[in-house]
Amino acid sequence: MSSSDPLNTLCSPTWCPGCGNLAIWAAFKKAAEEKKWDNTNSVMVAGIGCHGHIVNFVNLASFEGLHGRAIPVATGIKLANHKLNVFVFTGDGDCLGEGGNHFLHACRRNHDLTIFLHDNAIYGLTTGQTSPVSPHGFLSKSTPAGNPDEPLRPLSVAISAGATFVARAFAGDIPKLAKLMISANDHPGLAVIDILQTCMTFNKDYTLNFYRENTYELGPDYDPTDKAAALQKALEWGEKKIPLGIIYREEKPSFESQIAQIKEKTLTEVSPAGRNLKDLWEKYS
Amino acid sequence: MANDIFSVKIGGMAGQGVKAAGLLLAKMATRSGYQIYTYIEYPSLIRGGHNNIQINISSRGVTAPRQTSDFLMALNQDTIDRHGENLPAGAGILFDTDGNINVPKSEKNISVFPVPLAKLAKDSGGQELLENTVAVGATLFLLSGNLKILQEVIRDEFAGKEDDVLSANLKAAEAGFTFAQKNFSGKEKKILASKESARPVVVNGNEAVALGAIAGGLQFAAIYPMSPISDILHALAAYQEKFNYIYKQPEDEISAINMCLGAAFAGARALTATSGGGFCLMTESLGLAAMTETPVVIVEGMRGGPATGLPTWSEQGDLQFALHAHQGDFSRIVLAAGDAREAFNLTRQALNLADYYQTPVILLIDKNICDHSQSFANLEDGNFEFYRGKYTTMPNADFQRYALSDDGISPRTVPGTGNFFLANSDEHNPVGFSSEEISDRRAQTEKRMRKLATCAVRDMMAPELFGDPEGETTIVSWGSCKGSILEALKTLKNVNYLHLTWLSPFPTEAVKERLAKAKRVVLVEANFTGQLGNLITEKTGIQIENRILKYDGRPFFPEEIAEKIKSL
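Keep in mind it's a predicted model, so treat the numbers as computed, not measured.

### Observations regarding the pattern of salt bridges
Move 1: Scanning the entire structure with this criterion turns up 39 salt bridges over all chains.
Move 2: In this structure, arginine 109 of chain A engages glutamate 251 of chain B in a salt bridge whose closest nitrogen and oxygen atoms are separated by 2.9 Å. Of this pair, arginine 109 of chain A sits in helix α4 (residues 100-109) while glutamate 251 of chain B sits in the loop between β9 (246-248) and α10 (253-265), on two different chains.
Move 3: Residue classification places arginine 109 of chain A among the buried residues on the basis of a relative accessible area of 8%.
Move 4: For lysine 19 of chain B, the salt bridge is made with aspartate 231 of chain B, and the minimal N-O distance between the two is 4.0 Å. Of this pair, lysine 19 of chain B sits in helix α1 (residues 18-31) while aspartate 231 of chain B sits in helix α8 (residues 230-238), placing them 212 residues apart in sequence.
Move 5: For lysine 19 of chain B, a relative accessible area of 36% corresponds to the partly exposed category.
Move 6: When salt bridges that share partners are traced, they join Arg31, Glu152, Asp156 and Arg199 of chain B into one network.

### As for the domain arrangement of chain B
Residue and element names in this part refer to chain B.
Move 1: In terms of domain boundaries, chain B breaks down into domain 1 (5-184), domain 2 (204-376), domain 3 (390-459) and domain 4 (464-567).
Move 2: Averaged C-alpha coordinates put domain 2 and domain 3 at centres separated by 24 Å.
Move 3: Facing 22 residues of domain 2, the contacting portion of domain 3 comprises 30 residues.
Move 4: Taken together, the two surfaces of domain 2 and domain 3 that pack against each other cover about 2,100 Å², and 55% of this comes from carbon and sulfur.
Move 5: For domain 2, the biggest contributors to the area lost against domain 3 are Met291, Glu293 and Tyr357; these three give 32% of the whole.

### A short note on the side chain of threonine 164 of chain A
All names here are of chain A.
Move 1: Along the chain, threonine 164 turns up in the loop between α5 (154-161) and β5 (165-170).
Move 2: When its relative accessible area of 0% is taken as the criterion, threonine 164 is described as buried.
Move 3: In this structure the side chain of threonine 164 is engaged in a polar contact, spanning 2.7 Å, whose partner is the side chain of asparagine 110.
Move 4: In this structure, threonine 164 is in contact with Asn110, His187, Gly189, Leu190, Tyr248, Arg249, Glu250 and Lys252, ignoring residues within four places of it in sequence.

### Observations regarding the interface of chain B and chain A
Move 1: Every contact between the two is made by 64 residues of chain B and, on the other side, 53 residues of chain A.
Move 2: The junction of chain B with chain A conceals about 4,800 Å² of combined surface from both sides, 63% of it contributed by carbon and sulfur atoms.
Move 3: Ranking the residues of chain B by area buried against chain A places Asn244, Ile246 and Glu251 of chain B at the top, with a combined share of 13%.
Move 4: Applying the counting criterion to the chain B and chain A interface returns three salt bridges.
Move 5: Linking aspartate 279 of chain A and lysine 242 of chain B is a salt bridge whose minimum nitrogen-to-oxygen distance equals 2.7 Å.
Move 6: Our count for the chain B to chain A interface comes out at 24 residue pairs in polar contact (both at pLDDT 80 or more).
Move 7: Counting only elements with at least two residues in the side of chain B that touches chain A, the list comes to α1, β7 (201-203), α7 (205-215), α9 (240-243), β9, α10, α11 (276-292) and β15 (422-424) of chain B.

### A few points about the packing of α7 of chain B against α8 of chain B
Residue and element names in this part refer to chain B.
Move 1: Contact geometry of α7 with α8 gives a least axis separation of 8 Å together with a crossing angle of 45°. By the criterion of interaxial angle, the relationship of α7 to α8 is oblique. You can see that α7 and α8 cross each other, and the crossing is right-handed. Contact residues: α7 offers Asn206, Val209, Ala210, Ala213 and Ile214, while α8 offers Asp231, Ile232, Ala235 and Leu236.

Cut-offs used in this document
Residues numbered from 1 in each chain as written. Chains lettered and ligands numbered in written order. Predicted model: local features only at pLDDT ≥ 70, side-chain atom pairs only at ≥ 80, totals over all residues. Heavy atoms only, no water. Salt bridge = Lys/Arg side-chain N within 4 Å of Asp/Glu carboxyl O. Helix = DSSP H or I, 4+ residues; strand = E, 2+ residues; numbered from the N terminus. Buried < 20%, exposed > 50% of the residue type's maximum accessible area, 1.4 Å probe, protein only. Domains from an automatic or database assignment. Contact = heavy atoms within 4.5 Å. Buried area = accessible area lost by both parts, 1.4 Å probe. Polar contact = N/O pair within 3.5 Å; in protein donor to acceptor, adjacent residues only side chain to side chain. Axes fitted to C-alpha atoms, helices over the stretch in contact; angles between N-to-C directions. Parallel < 35°, antiparallel > 145°, perpendicular 65-115°, else oblique. Left-handed = near helix turned anticlockwise from the far one by under 90°.

Set out below in structure tokens:
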């Protein structure tokens, strides 16, 4: 983090050494540099969790809201100024636990948002409890006898709910992640990347080696436009069976593209001052 | 009392068009040169149950419902059973001869007007659904109304609907009118004889909030449906393209307020509305708005609580909740409207206040305001000046979003301007970076708290006094009680009314001064604990002994307030 990097701030990252968030941070800055995402065209929104600290370390205007609530805040920003690139940073607890309902409905409505799901399968900031994606049998402070719950497969939820760009990446491969972040943002509609990351401190199951050994890249033969096949792919998990890359892609009008009021100008580009209510007075008399 | 008001009550099952008939008659009255106030009672269901609407008509402004009605339009037996006995001497009952309705004999000289509503509705080419329109037509004759005006109102109401729906309604109105003319001639009362008068604006509180929001420069609204405020979203949804704002239905109230915060953060004026239960969900982000200093207006339409409570009835039980919701200390502005006109003006002003003070503004209304239409000469209380305070889109390399200031208000910018800043839910330093330093915590907390003091000096209005300023008895109240208290004042001597609309910041000195002048102070509130009374004690030290409290969901009627004041 050289201070000469215009994307850095005066704050140094506070994540643990080896944290996957460091790689996600690096990949995002790489993508931002390449695509010239800056304070004239981009905004970041984060929830609460270790991931949320990222807003302090990137020189882009941002909103850090409440646990689970990043997506509705991002939705409001996009509707007010749809010309902005709106990046949502959220964690597995943030997005799938506390904020599950918002995730579901944002996918369904196909808002033109780019969601980065920091997925370490653990609650890190609260020092290590089981998350909605922790495996069955997982040992943690909240499940000392082993997790009795089955994990959620977030990308299957995203596809079922109606997201139109659904991908998975491994945080350890910064160049690939950066490329995927760019594709996700270029996609008109709701894009979500499930970013597999380590939590060196609390998740002893999903280690760097675990991800290296068990993930694989979807090849050129894979057709991401086949929804049924994509759903099956999104449900895949296990030994050597964790697919990476674009799992599903669909061309469909985004929510924002269907709203007449913002066809040309953004909401905020038109002054709301001095409206004439004459027609309404007649209607209500 | 109130012999210059004529009250018509229409009753029937949900689904029989009771409300539609009432609104038709109300519009008919205002187009004929009269003022109206409507009062609606309905259960929380779509078919069946008992619905009724009271239309209070007068040559002068009407502000409240009445306990009795002068004319009962009964679409079913239930209506007779529930309201027949309360009719005063000389009242009339119109009922459906086809509906096996039994009107018990009365010794109070009640006129009965049997009309074959179902048959006339069928003959008009419509179905039984038109019974309400037939009944309005017949009633119109009995009140000396002009059929042409009613048909003009029907044309306006059904504009844009299919032609056969319009023509069937026109025929049904005429059939009812003609039947009454043939059978009841000579029995009509001179209530709706048309006269020249400026046409008033007729709105309920929900519509007034929507219109106030549009006038106040609303750019974004996210509202989850809930009784009794859903009409706000219906009105806002209808006019969004015309006035270039967005209404979005969110997945829940948590999303509603967070979408508003996102839109406001990006520079759009934002408002949400809900009732007590939805406000419970929004509570989480009320403090987020305060901490990130993001403007938002929350309209809270109170109904009977707790839990689902009384979904379609009124209460003023959320005042202390609105004043205290969320953890920690922060500045919030809490306003309360007393009628639809105040709801219009306070909504308009609330959007300015939220922008100026960069903090949440809660506007309390209640079901009685939300649902009840009232006629007003106009809604606008003076000219409106749109202002945003310290809002800038000018690029500034060293922008300090949370810079310290004497008035507690920092400069505000939005994303996309080139400015770097963070809206941070964590405690933060002047740029917005997370900070747990003692100096930042103290300075930022103190800055946020200073807003209320600034607001108290710059914007807060003193409570309004109605009635005899020299009166020995002062009634103090808020919200929809206003209308009934004003009607009651007309029959009381030596009594005045102090009406509060600003609750946070609180007009402590003005209230103290006024109450000190009274020999006797009487609190009127629709809740169990006397929440405004307790707030007055907290702020002024004054204990109000005389308390008229009601918590059965029903509004205060002017008659009962007058009676209780007299008996003190």
